[in-house]
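The primary structure of each chain is shown beneath.
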Amino acid sequence: MKRFEGRVAIVTGAAQGIGRAIAERLASEGATVAVVDVNAMGATKAAKVIGGKAFAVGCDIGDPDAVAKLHRKVAKTAGKLDVQVNAAAIVPFVPWDALTFDEWRRVMRVNLDGLYLMCRAGSDLMRKNGYGRIVNICSNSIFAGTPNMAHYVASKGGVLTFSRALATELGAHRITVNCVAPGLTDTEGVQKTKHKDAFGFVEMLQAIKGKGTPADIVPAVAFLASEEARWVTGQTLVADAGMVRW
Ligand code: 4PL
């Protein structure tokens, strides 16, 4: 399929994991992709591997000036913005008894403040063309109440409800806003934390057995980012092998 020919996309968190897999898919289906990550070197490497019209931008999405600069660069380089996938997030493993206010704020700064900044700048750019697809990466942990990440779960609950409200506000501009909520997924980030020890537990709860990978999340995102998803907005699609159902 070539659903993104002539489209311009931004994918955050695209140096690795789910974000990177999404960037690869959008590019392979024809999009010009801004490969965005706080790890600028990682973004550069990912953009090089993706090739074609992909270009890297180092950006801390929690920094208002950096986000403004990113969108100026995309407007200048690619001329417009059609698709924005917000996959960048901090995925902590911190038990409640160790959770400090500084750690709470660190996660909120990226997972919610960063999402606000990206959607503020992204929707302003999309409105100029009266077309847009925003896909925000949520998490099935908001339904499961997953332990050791209360601040993350709180932030992802905000991702869902913010996306709903934004969908209502942006509908008039033919911009859709939806979420994809993955379950525990085998990524570089997860492998670096104790979350990697939870695969057996989540598999027990899944309707379909196995270990989720970024490739299992990509199709849901690509559908919501595509032109033909125009009748779907304000929704959250859970992609977790049936671990939670809502
Ligand atoms: C079920 O979003 O949804 C661990 C780590 N386990 O980040 C997540 C589950 C993790 C999750 C998540």
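This text follows the structure it describes.
Residues numbered from 1 in each chain as written. Predicted model: local features only at pLDDT ≥ 70, side-chain atom pairs only at ≥ 80, totals over all residues. Heavy atoms only, no water.

Participant: I would appreciate a short explanation of the sheet that holds strand 5 (residues 132–137) in the present structure.
Facilitator: Strand pairing in a sheet takes place through backbone hydrogen bonds and is either antiparallel or parallel in direction. Spatially, 3-2-1-4-5-6-7 is the arrangement adopted by the 7 strands of the open sheet, whose pairing is parallel. Looking at the sheet topology across the chains shown, the edges are occupied by strand 3 (55–58) and strand 7 (236–239). Within this sheet the neighbouring strands show an average axis-to-axis angle of 20°, counted without direction. Examined bridge by bridge, strand 1 (residues 8–12) and strand 2 (residues 32–37) share 5 bridges and lie parallel to one another. Looking at the pairing, Thr12 lines up with Val36 of strand 2. Contacts from helix 6 (residues 150–170) reach strand 5, strand 6 (175–182) and strand 7, with the element oriented near 160° to strand 6. Seen against the sheet, helix 9 (residues 214–225) touches strand 4 (83–86), strand 5, strand 6 and strand 7 and runs at an angle of roughly 170° to strand 6. (Pairing = 2+ DSSP bridges. Helix = DSSP H or I, 4+ residues; strand = E, 2+ residues; numbered from the N terminus. Axes fitted to C-alpha atoms, helices over the stretch in contact; angles between N-to-C directions. Contact = heavy atoms within 4.5 Å.)

Participant: Even after reading the chapter, I still don't get the site of the ligand, so can you show me in this structure?
Facilitator: The environment of the ligand is made up of Val91, Ser139, Asn140, Ser141, Thr146, Met149, Tyr152, Leu184, His195 and Met243. With respect to the ligand, the side chain of Ser139 contributes an N or O atom lying 2.8 Å from an oxygen atom. For the ligand, an oxygen atom lies 2.8 Å from a polar atom in the side chain of Tyr152. When the free accessible area of the ligand is taken as 300 Å², the share hidden by the protein chains comes to 94%. (Near = heavy atom within 4 Å. Polar contact = N/O pair within 3.5 Å; in protein donor to acceptor, adjacent residues only side chain to side chain. Areas by Shrake-Rupley, 256 points an atom, 1.4 Å probe, with all protein chains shown as cover.)

Participant: Teacher, can you tell me more about a nonpolar patch on the surface here?
Facilitator: Taken together, the side chains of Phe201, Met204 and Leu205 define a hydrophobic patch exposed on the protein surface, amounting to about 320 Å² of accessible area. Looking at where Phe201 falls in the secondary structure, it is placed in helix 8 (residues 199–205). (Patch = residues over 30% accessible without salt bridge, like charges linked within 9 Å, V, L, I, M, F, W, Y side chains within 5 Å. Salt bridge = Lys/Arg side-chain N within 4 Å of Asp/Glu carboxyl O.)

Participant: Got a minute to help me understand the packing of helix 3 (residues 64–78) against helix 4 (residues 101–127) in this structure?
Facilitator: A pair of packed helices is captured by two measures, namely the crossing angle of their axes and the spacing between those axes. At a closest axis distance of 9 Å, the pairing of helix 3 and helix 4 adopts a crossing angle of 25°. When the axes of helix 3 and helix 4 are compared, the pair comes out roughly parallel. When you trace helix 3 past helix 4, the crossing you get is right-handed. Contacts between helix 3 and helix 4 involve Pro64, Val67, Leu70, His71 and Ala75 on the former and, on the latter, Leu117, Met118, Ala121, Gly122 and Leu125. Residue composition of the contact of helix 3 with helix 4, by class: 8 nonpolar, 2 polar and no charged. (Parallel < 35°, antiparallel > 145°, perpendicular 65-115°, else oblique. Left-handed = near helix turned anticlockwise from the far one by under 90°. Nonpolar A, V, L, I, M, F, W, Y, C, P; charged D, E, K, R; others polar.)

Participant: Got a minute to help me understand the pattern of salt bridges in this structure?
Facilitator: Side chains that differ in charge, positive against negative, can pair when their charged atoms come close. Enumeration over the complete set of coordinates arrives at 10 salt bridges. For Glu227, the salt bridge is made with Arg7, and the minimal N-O distance between the two is 2.9 Å. Residue Glu227 is located in the loop between helix 9 and strand 7, and its partner Arg7 is located in the segment before strand 1; the two are separated by 220 residues in the primary sequence. With relative accessibility at 48%, the residue Glu227 sits in the partly exposed group. In this structure, Arg105 and Asp113 form a salt bridge, with 3.2 Å as the shortest nitrogen-oxygen distance. The class of Arg105 is partly exposed, set by a relative accessible area of 35%. We classify Asp113 as partly exposed; its relative accessible area is 31%. Three or more residues are tied together by salt bridges with common partners; here these are Arg7, Lys80, Asp82 and Glu227. (Buried < 20%, exposed > 50% of the residue type's maximum accessible area, 1.4 Å probe, protein only.)

Participant: Teacher, can you tell me more about the pairing of strand 6 here?
Facilitator: The side chains of a regular strand alternate, residue by residue, between the two faces of the sheet. Among the 8 residues that make up strand 6, 8 are buried, leaving the element largely enclosed by the rest of the structure. Across the two faces of strand 6 the burial is the same, with Ile175, Val177, Cys179 and Ala181 and Thr176, Asn178, Val180 and Pro182 all buried. Across 6 bridges, the pairing between strand 5 and strand 6 is parallel. Note that in strand 6 the partner of Arg133 across the bridge is Thr176. Sheet topology places strand 6 next to strand 7; 4 bridges connect them, and they run parallel. What sits directly across from Val180, in strand 7, is Leu237.

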